[in-house]
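Summary of structural features
Residues per chain, in single letters:
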Amino acid sequence: MNEQSLSVREAIIGRRSIKKFNGQPVDRDDLMRIIDDAVWAPNHQNREPWRLVVACGKEIFQLYKLLRDTTIPKWKELTDEALDKQMQKFTTVGAFVFVIVPEDVRQKQRLEDYAAASTFIQNIQLLAWDYGIGSCWKTPDFLDAPTFREAIGAKPGERIISMLQLGYFDELPKAVERKKAKEIVTIFGKLDEEEEKEV
Ligand SMILES: Cc1cc2nc3c(=O)[nH]c(=O)nc-3n(C[C@H](O)[C@H](O)[C@H](O)COP(=O)(O)O)c2cc1C
């Protein structure tokens, strides 16, 4: 159960993508609570354009097999040790969340739905962070592979937009500096210096 309570600012600034997990499982009830809160994301016309396929708890072992077959096609030729090593990037993850979005044929709606689902995913990441759970939004090419889509249960007209990995970690990665507001903001209507002198 969550005892922490970060401010929104602390969660936004402090969250980092975790790419190295320590193998501790994520409790499914915690994950379901996080998802129940994350759905309060902005979304146009309340379409709630997302559904999730989650692998957490003992079902995660089924997903490992799928990830093995998908990413290491010649796995049978490897020693157990070599296979374990290659699989570590998956087997140390505490939970996987595949986020599936409808691909509306209308471009505006499709973009809106992708944007809304992105805010939903960030909600999951920030809420998880508050539980002490790290995450990384991953978009490997295999998310679009027909065999993988079928195994996950993505239907025609749906897109898997994220393999969200969640789990516990021992090391906090260093943040890469972000641009400051003054580097990315143009004040609309602001006179340039020459014009200001003339006024
Ligand atoms: C749409 C999207 C796709 C991403 N795909 C990957 C990915 O495939 N592999 C990966 O390691 N990180 C991926 N990331 C995570 C970024 O690498 C990470 O957010 C970025 O390095 C900034 O680090 P931070 O999240 O710790 O601030 C993705 C992030 C987003 C938003």
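Procedures and definitions
Residues numbered from 1 in each chain as written. Predicted model: local features only at pLDDT ≥ 70, side-chain atom pairs only at ≥ 80, totals over all residues. Heavy atoms only, no water. UniProt positions renumbered as here; feature names shortened; annotations may be inferred. Helix = DSSP H or I, 4+ residues; strand = E, 2+ residues; numbered from the N terminus. Buried < 20%, exposed > 50% of the residue type's maximum accessible area, 1.4 Å probe, protein only. Contact = heavy atoms within 4.5 Å. Areas by Shrake-Rupley, 256 points an atom, 1.4 Å probe, with all protein chains shown as cover. Lys, Arg positive; Asp, Glu negative; His and termini not counted. Charge placed at Lys NZ, Arg CZ, Asp CG, Glu CD. Polar contact = N/O pair within 3.5 Å; in protein donor to acceptor, adjacent residues only side chain to side chain. Near = heavy atom within 4 Å. Nonpolar A, V, L, I, M, F, W, Y, C, P; charged D, E, K, R; others polar.

Per an unreviewed UniProt entry, the chain goes by Putative NAD(P)H nitroreductase and derives from Ureibacillus xyleni. What UniProt records for the chain under Sequence similarities (unreviewed entry) is the sentence "Belongs to the nitroreductase family."

**Re the overall build of the chain**
In terms of regular secondary structure, the chain is built from 8 helices and 4 strands. Secondary structure elements in the chain, listed N-terminal to C-terminal, are α-α-β-α-α-β-α-β-α-β-α-α. Projecting the C-alpha coordinates of the chain onto the three principal axes gives extents of approximately 75 × 40 × 35 Å. Counting the 199 residues in the chain, one finds 36% classified as buried. Long-range contacts, defined here as pairs at least 24 residues apart, represent 80% of the contacts in the chain between residues at least 6 apart. Working note: accessible area of the chain is about 13300 Å², and carbon and sulfur atoms make up 53% of it. Within the chain, the 33 negative side-chain charges are centred at a point lying 4 Å from the centre of the 30 positive side-chain charges.

**Looking at the UniProt feature "binding site: FMN" (unreviewed entry) in the chain**
This chain's UniProt record puts "binding site: FMN" (unreviewed entry) on Arg15, Arg16, Ser17, His44, Trp137, Lys138 and Thr139. The named residues occupy 125 residues along the chain; their greatest pairwise C-alpha distance, 27.8 Å, places them well apart from one another. Looking at the secondary structure, you find serine 17 in the loop between α1 (8–14) and α2 (28–38). In this structure serine 17 comes out as partly exposed when scored by relative accessible area, which is 30%. Residue contacts for serine 17: discarding those within four places in its chain leaves Ser135, Cys136 and Pro173. Separated by 3.5 Å, the side chains of serine 17 and arginine 15 make a polar contact. With respect to the helices, strands and loops of the structure, threonine 139 is situated in the loop between β3 (134–138) and α6 (146–152). Taking the relative accessible area as the measure of exposure, threonine 139 reaches 53% and is therefore exposed.

**Side note on the site of the ligand**
Near the ligand the following residues occur: Arg15, Arg16, Ser17, Lys19, Cys136, Trp137, Lys138, Thr139 and Arg178. A distance of 2.9 Å separates a nitrogen atom of the ligand from a polar atom in the backbone of tryptophan 137. Within the side chain of arginine 178, one N or O atom sits 2.9 Å away from an oxygen atom of the ligand. Here the ligand, which alone exposes 630 Å², has 60% of that area covered by the protein. The residue inventory of the shell around the ligand, partitioned by class, reads 2 nonpolar, 2 polar and 5 charged.

**Let's talk about the environment of methionine 87**
With respect to the helices, strands and loops of the structure, methionine 87 is situated in helix α4 (residues 80–91). Residue methionine 87 is classed as buried on the basis of its relative accessible area of 7%. In sequence terms methionine 87 and isoleucine 35 are 52 residues apart; their C-alpha atoms lie 27 Å from each other. Other than its neighbours up to four places away in sequence, methionine 87 contacts Tyr64, Arg68 and Ile72.

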